[in-house]
Structure formats: structure tokens, C-alpha cells
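Here are the chains, one letter per residue:
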Amino acid sequence: MSGSARRGGGLLVAGTTSDAGKSVVTAGICRWLVRQGVKVAPFKGQNMSLNSFVTREGAEIGRAQAMQAQAARVEPSALMNPVLLKPGSDRSSQVVLMGKPVGELSARGYHGGRQRELFEPVMACLEELRGTYDAVICEGAGSPAEINLRRTDIVNMGIARAARLPVLVVGDIDRGGVFAQFFGTTALLAPEDQELIAGYLVNKFRGDVTLLEPGLDMLLGLTGRRTFGVLPYAHGLGIDEEDGLRVSLRGAVRESVVAPPFGEDVLRVAVCAVPLMSNFTDVDALAAEPGVVVRFVDRAEELVDADLVVVPGTRGTVRALGWLRERGLADAIGRRAAAGLPVLGICGGFQALGERIEDDVESKAGEVEGLGLLPVRVRFAPGKTLARPVGEALGERVEGYEIHHGVAEVLGGEPFLDGCRVGSVWGTHWHGSLESDAFRRAFLRDVAAAAGRRFVPAPDTSFGSLREEQLDRLGDLIEEHADTDALLRLIDQGPPAGLPFIAPGAP
């Protein structure tokens with residue numbers, strides 16, 4: 001099939017729930033379209049996530065949109081995720097607009113008025129993309145039937161109605177109740193919104209699809225809307241998700257047998273699951289290595305058999321420090337360092353390993369004592385560092401990205417990227433550094449030597465190639481299990497005419 005979507009065509013991928021599969025379906029559609037010769041871009045008007053990425057122009061966007069851009073084979077841009085919310089507590093988030101932080105708001109303050117103010121800039125970004133690309137595949141957030149939030153919606157039916165986008169609703173059948181979810185989602189929408197619900201896509205189906213078909217026929221009879229495909233359950237598929245601990249290649253390792261080591265030993269990596277953990281996707285590249293076992297931990301005894309302990313990024317460095325101390329993890333990490341066993345701190349984790357933190361910005365706690373494992377002092381600045389650095393470490397070229405308010409003063413140790421190394425303790429603000437294959441291998445060789453393991457990194461693991469293979473598998477799922485001709489008509493022609501109203505609807 002050759003691509004024929006008109007210039008400016010589009011589709012909104014909504015979900016019956018969070019984690020229904022919107023992100024991966026959006027990425028899969030983008031990869032399928034670009035393979036058909038369609039110039040396509042992803043879009044998410046508003047994203048809530050602690051997993052973010054820095055574009056080449058220095059804008060911060062959600063990592064899911066960056067990976068969807070990779071699926072579409074285009075450069076990520078702030079246009080693709082104009083509003084990013086980064087939670088700092090259960091009730092407040094930092095608001096990032098067009099890649100730059102513009103303030104901290106409570107949930108009530110945001111939904112009480114500020115969110116609606118962002119509708120025009122969000123729509124301007126969508127229209128700019130639609131004027132540049134043949135098709136824009138938009139991802140919704142949560143459920144489009146959040147009727148308490150509909151008035152201020154700028155990510156689901158709000159943009160669908162404004163841009164006259166057809167909506168494909170994705171449901172995760174592996175959780176059960178998918179027919180009720182499809183029907184209920186549609187029936188809770190206002191008539192003007194229901195006119196845009198073109199149909200459904202079943203995700204994560206296991207078994208014989210012919211057993212499901214009578215239900216799909218009944219759903220068509222009840223709603224007047226067809227199902228555009230049934231995607232089978234596939235292990236190890238995913239892209240960098242918004243939050244939670246089910247991310248990309250680490251997920252693949254956890255769901256399947258860990259690849260056998262290239263050398264004699266495996267290497268065990270324990271990642272401290274600190275509060276407000278951000279960019280934990282940094283460890284995906286470790287999990288992609290044959291023989292590397294990655295797990296997230298929250299108890300001191302779980303560090304005992306680890307060959308490497310990672311203290312990852314966090315949106316709350318001071319809060320993470322308190323958590324590490326309360327759980328005995330701080331003392332366990334200190335004992336490891338004294339014994340010469342490897343510890344790696346990334347971004348907030350790097351800051352926590354230092355001597356002292358002055359924070360009048362993030363936690364407003366003032367001066368706080370760090371773990372004292374690295375000769376580093378950190379002062380939090382109102383402005384955020386957003387950068388895409390390139391450098392060298394362990395004799396290898398390294399690329400990364402920086403997202404932090406903390407400014408580190410390195411007072412000693414051996415230089416390591418922008419941070420330092422003391423014995424077997426490393427620290428850096430650079431996210432994504434472990435995706436540089438040659439550097440990752442050199443780092444793992446050092447870790448194995450310090451840990452006394454006969455682990456040897458495989459010489460040919462390419463994290464970039466593994467990502468591409470994963471995105472191709474997502475594209476294959478769409479191509480093989482969805483009605484792609486019908487999807488292309490939706491993208492090209494918009495919502496079908498004459499879709500029936502399902503009572504009771506909403507005001």
C-alpha cells in the first residue's frame with residue numbers, strides 16, 4: 001500500500017484508561033505511515049511525566065513524544081509536546097511551556113483556569129505541524145471521558161473538536177472489561193464529541209481472535225462504530241512511557257529471559273527507586289546488555305548482592321535523600337563505597353552523593369547535608385539547565401542531555417563527564433550517557449573489575465539498533481493487525497459522517 005494521506009491530515013489516539021497503550025499505538029502508526037512514504041509527526045498537547053528529553057534547540061518535552069518522533073523518523077520538537085507537567089508532589093507540578101519552565105501550580109490552580117489559557121498555544125502548535133506534515137498523529141491523555149475535566153481539556157476531545165480530528169479509542173483487553181470501557185467511554189461524551197469517535201482498537205489480545213469477533217459485532221450494533229484492529233499481546237514492546245516502571249527495553253528484559261552473558265558471569269544492577277524518580281529510562285541501555293540484570297529496589301538488603309547500585313534522577317533531590325536515609329539505603333551505599341564497590345549517581349542521584357545541597361528552589365529546605373561520597377557542592381538555581389552535551393569519558397565519546405536546576409561545584413576527584421569519580425563512585429548530571437555503546441561497554445568493564453565479576457560486555461550490542469527494531473515491531477503490529485486502509489481514510493478524510501449518538505451523553 002502506498003501512502004496517500006492529504007497534507008494536514010490527522011488522528012487522535014485516545015484510550016479508555018491510562019496505560020491502555022496510547023503511546024505505543026501512536027508510535028506504531030507513525031512508524032507504519034513513514035514506511036508508506038507519508039511525512040508524519042506525533043503530537044501530545046499536554047503531557048504529565050517525569051521522563052523528559054531535551055531537543056536539539058534546548059526544549060524539554062516528554063520522552064514518549066521524543067520516541068514517537070524517532071518512530072516517525074523526524075527530529076523531536078517542542079511543537080510536538082507544547083505543555084509538559086512535571087509533578088513535584090501529589091498536588092503540584094512544574095509547568096513547562098514550549099520546552100521552558102514557566103512556574104509551579106497546584107492541580108486546582110491549573111485546572112481552575114491556567115490550563116484553558118494554554119489552549120490557544122497548544123492549538124497553534126498543532127496547526128503548525130499540520131501545515132508542515134502530511135499527517136499528525138495525536139496522543140490523548142488518560143481517558144477522553146473525564147467529564148469533570150472536560151471544560152478545560154486541551155489534550156483529548158478539546159483539541160479533537162477544535163481541529164475536527166477523528167478519534168480512535170484504544171482499550172487494553174488484557175485487563176478485562178474492554179467492551180464496557182469502549183461503550184461507556186463513548187456514552188459519557190457530549191453529542192458533539194461523540195461525532196468524532198470513529199471507532200475502537202483492541203490492544204494486548206491473547207488467544208484466538210475469532211472468539212472475540214462476536215463481541216466486536218455486538219459492539220458495532222450497540223455503538224454504530226467499528227473496531228479498526230485487534231493487536232496481539234507482544235512481550236517486550238514499548239517505548240519510553242510517561243511514568244511507572246514499565247519502560248522500553250528494561251521492560252523487555254523483565255518480561256522475557258535475560259540474554260545469556262557474553263562472559264562467565266552476569267552483572268546485577270540495583271536501581272534505588274527514589275521518590276519522584278525521573279528519567280529512569282537511563283538504565284534501559286544497561287538492561288539491553290546480554291547478561292545484565294536490572295531491578296528496582298527500595299530496601300537496604302537488596303543492595304547486598306548488587307554489582308552496581310544506581311541512584312537515578314529525581315524531581316525531589318532533598319526528598320530522595322531523606323528517603324534513602326529513612327530506609328537504610330544511604331548507610332548501605334556508604335558501606336559499598338568504603339568497600340570499593342561501584343555506585344553511579346545520575347542527575348539528582350549525583351547531587352545526593354555530594355557533600356552539601358543548598359536548595360531554596362525545589363524543596364526550599366535551605367542547606368542539606370548530602371551523602372558525602374563525592375567532593376561536590378550543589379546550589380539550586382531558579383533557571384533550569386537544558387542542554388545536549390557531547391564529551392569523552394573512559395577514552396570513549398559520550399552524548400547525553402541535561403535537565404536540572406542544581407548547579408554542581410566539583411571540588412576534587414577524577415573528572416567524569418560534567419561530574420567526577422572517586423574510587424568506585426561515579427556521578428554526573430548527564431542523562432542518556434549509557435546509550436553511547438562504546439562508553440557503556442568501557443563503564444561496565446570498570447564496574448565488573450571493581451565488583452570482582454568475570455563479566456564481559458558483548459562487543460556488538462547497539463542500543464540504537466535495538467530501539468529501531470522495537471519501533472519496527474510496533475509498525476509491524478499496526479500493518480499486520482489493523483485495517484490500515486480504513487485508518488488511512490480516517491487520517492485523510494476525517495471523522496465518518498452519520499455516527500449515532502449513544503445515550504446518555506454529557507452536558
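Enquirer: Got a minute to help me understand the overall build of the protein in this structure?
Expert: A count of helices and strands for the protein gives 16 helices and 27 strands. Against the compact-globule benchmark of 23 Å for 507 residues, the protein has a radius of gyration of 23 Å, which places it among compact chains. With respect to the principal axes defined by its C-alpha atoms, the protein has extents near 70 × 50 × 40 Å. Across the protein, every contact between residues at least 6 apart in sequence was considered, and the portion connecting residues at least 24 apart equals 75%. Element-wise, carbon and sulfur atoms account for 50% of the exposed surface of the protein, whose accessible area totals about 19200 Å². The average position of the 54 basic charges and that of the 66 acidic charges among the side chains of the protein differ by 2 Å.

Enquirer: Looking at this structure, how should I read the nonpolar core?
Expert: Across soluble globular proteins, nonpolar side chains have a tendency to be buried as a group. With 64 residues, the main nonpolar core has L286, L324, I333, L344, L353 and F443 as its most contacted residues. Setting aside anything within four residues of it in sequence, one finds F443 in contact with L308, L344, L394, W426 and L434. Counting 42 residues, the second-largest nonpolar core is a separate cluster that includes L12, V169, V178 and V230.

Enquirer: Would you mind showing me how to read the sheet that holds strand β16 (residues 308-311) here?
Expert: Within a beta sheet, neighbouring strands are joined by backbone hydrogen bonds and run either parallel or antiparallel to one another. If you walk across this open sheet you meet the 7 strands as β15-β13-β16-β18-β27-β26-β25, and the pairing is mixed. Of all strands in the sheet, those with a lone pairing partner are β15 (292-297) and β25 (414-416), marking the two edges. Sheet twist, expressed as the mean angle between neighbouring strand axes with direction ignored, is 20°. Where strand β13 (residues 267-272) and β16 come together, 3 bridges link them in parallel fashion. Bridge pairing in β16 links V269 to L308.

Enquirer: Help me understand unusual backbone geometry, please; the structure alone is not making it clear to me.
Expert: Only a minority of non-glycine residues have a phi that is not negative, and only a minority of peptide bonds are not trans. For the bond running from A503 to P504, omega is 10°, close enough to zero to count as cis. Located in the positive-phi region is K204, a residue other than glycine, with phi close to 65°. Relative to the assigned elements, K204 resides in strand β11 (residues 197-205). At K364, a position not held by glycine, the phi torsion is positive, near 60°.

Enquirer: What's the story with helix α8 (residues 213-223) in this structure? I'm lost.
Expert: Owing to its 3.6 residues per turn, the α-helix brings residues three or four apart onto one side. Within α8, burial applies to G215, L216, L219 and T223. Buried residues along α8 cover an arc of 100° about the axis, so they all sit on one side. The exposed set on the far side of α8, more than 90 degrees from its buried face, consists of D217, M218 and G221. Along its buried surface, α8 packs onto α6 (178-187), β11 and β12 (226-232). Of the residues trailing α8, G224 is marked for its positive phi of about 75°.

About the cut-offs
Residues numbered from 1 in each chain as written. Predicted model: local features only at pLDDT ≥ 70, side-chain atom pairs only at ≥ 80, totals over all residues. Heavy atoms only, no water. Helix = DSSP H or I, 4+ residues; strand = E, 2+ residues; numbered from the N terminus. Rg over C-alpha atoms; globule rule 2.2 N^0.38 Å. Contact = heavy atoms within 4.5 Å. Areas by Shrake-Rupley, 256 points an atom, 1.4 Å probe, with all protein chains shown as cover. Lys, Arg positive; Asp, Glu negative; His and termini not counted. Charge placed at Lys NZ, Arg CZ, Asp CG, Glu CD. Core = buried A, V, L, I, M, F, W, Y, C linked by side-chain atoms within 4.5 Å. Buried < 20%, exposed > 50% of the residue type's maximum accessible area, 1.4 Å probe, protein only. Pairing = 2+ DSSP bridges. Axes fitted to C-alpha atoms, helices over the stretch in contact; angles between N-to-C directions. Arc of directions from axis to C-beta.

Purely geometric stuff here, so don't read any function into it on its own.
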